[in-house]
Amino acid sequence: MCKNKKLVLRIIAVSLIALGLVLGVTWNSAGYCIGDELFIALGISPWSNGSSGTHYPAVIGIFVILVGISMLNLTLNKKTRLWIWTTVVLSLIVYYLIITYM
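All of the points below concern the structure found in this document. (Residues numbered from 1 in each chain as written. Predicted model: local features only at pLDDT ≥ 70, side-chain atom pairs only at ≥ 80, totals over all residues. Heavy atoms only, no water.)

Looking at the overall build of the protein chain
Assigned secondary structure in the protein chain consists of four helices and zero strands. Taken from N to C terminus, the helices and strands of the protein chain fall in the order α-α-α-α. Dimensions along the principal axes, computed over C-alpha positions, put the protein chain at roughly 50 × 30 × 25 Å. Looking at the protein chain as a whole, 23% of its 102 residues are labelled buried. Look at the contacts in the protein chain between residues 6 or more apart in sequence, and 41% of them connect residues 24 or more apart. Accessible surface, the protein chain: about 7,400 Å² in total, of which carbon and sulfur atoms supply 72%. (Helix = DSSP H or I, 4+ residues; strand = E, 2+ residues; numbered from the N terminus. Buried < 20%, exposed > 50% of the residue type's maximum accessible area, 1.4 Å probe, protein only. Contact = heavy atoms within 4.5 Å. Areas by Shrake-Rupley, 256 points an atom, 1.4 Å probe, with all protein chains shown as cover.)

Next comes the structure, spelled out in structure tokens:
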């Protein structure tokens with residue numbers, strides 16, 4: 001793979017990761033989620049049970065982040081891929097444990 005193509009893929013991957021974070025994150029101090037506003041503007045409920053249940057923008061945001069990380073992995077060597085996926089999986093586990101028990 002040529003250097004220009006790797007650079008473009010890395011830029012797209014980082015952009016997807018940032019988009020996933022913006023879509024799915026609720027800012028605690030303000031209680032504001034851009035994904036919620038986008039879903040409401042499209043006429044879709046952002047929650048599965050009205051104001052509780054599964055938060056669809058967060059699910060889509062996690063999916064977009066994983067796609068971005070997968071694209072980033074296409075441009076990296078094998079050893080670096082292993083480290084990135086290990087870091088991602090451990091980060092998600094820690095994140096869900098913190099959210100669950102706090």
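Moving on from the coordinates now.
What about a nonpolar patch on the surface?
Side chains of Trp85, Val89, Leu90, Ile93, Leu97 and Tyr101 sit close together on the surface and give an oily, nonpolar patch of about 620 Å² of accessible area. Along the polypeptide, Val89 turns up in helix α4 (residues 78–101). By relative accessible area, Val89 is classed as partly exposed at 43%. (Patch = residues over 30% accessible without salt bridge, like charges linked within 9 Å, V, L, I, M, F, W, Y side chains within 5 Å. Salt bridge = Lys/Arg side-chain N within 4 Å of Asp/Glu carboxyl O.)

Here's the deal with the nonpolar core
Judged by nonpolar contacts, Leu9, Ala13, Met71, Leu72 and Leu76 together constitute the single largest core of five residues. Mapped by element, the contributors of at least two residues to this core are α1 (3–24) and α3 (56–74). In this structure Leu72 touches Arg10, Ala13 and Ile84, once residues within four positions along its chain are discounted. (Core = buried A, V, L, I, M, F, W, Y, C linked by side-chain atoms within 4.5 Å.)

Quick notes on helix α2 (residues 34–41)
Spacing of three or four residues puts side chains on the same side of an α-helix, whose turn is 3.6 residues. Of the positions making up α2, those classed as buried are Gly35, Asp36 and Phe39. In a view along the axis of α2, the buried residues occupy a sector of 100°, so they form one face of it. In the core, the buried residues of α2 are packed alongside α1 and α3. One or two residues past the end of α2 sits Gly43, with phi positive at roughly 85°. (Arc of directions from axis to C-beta.)

Quick notes on the side chain of Asn73
If you trace the backbone, Asn73 turns up in helix α3. For Asn73, the residues in contact, after removing those within four places along its chain, are Arg81, Ile84 and Trp85.

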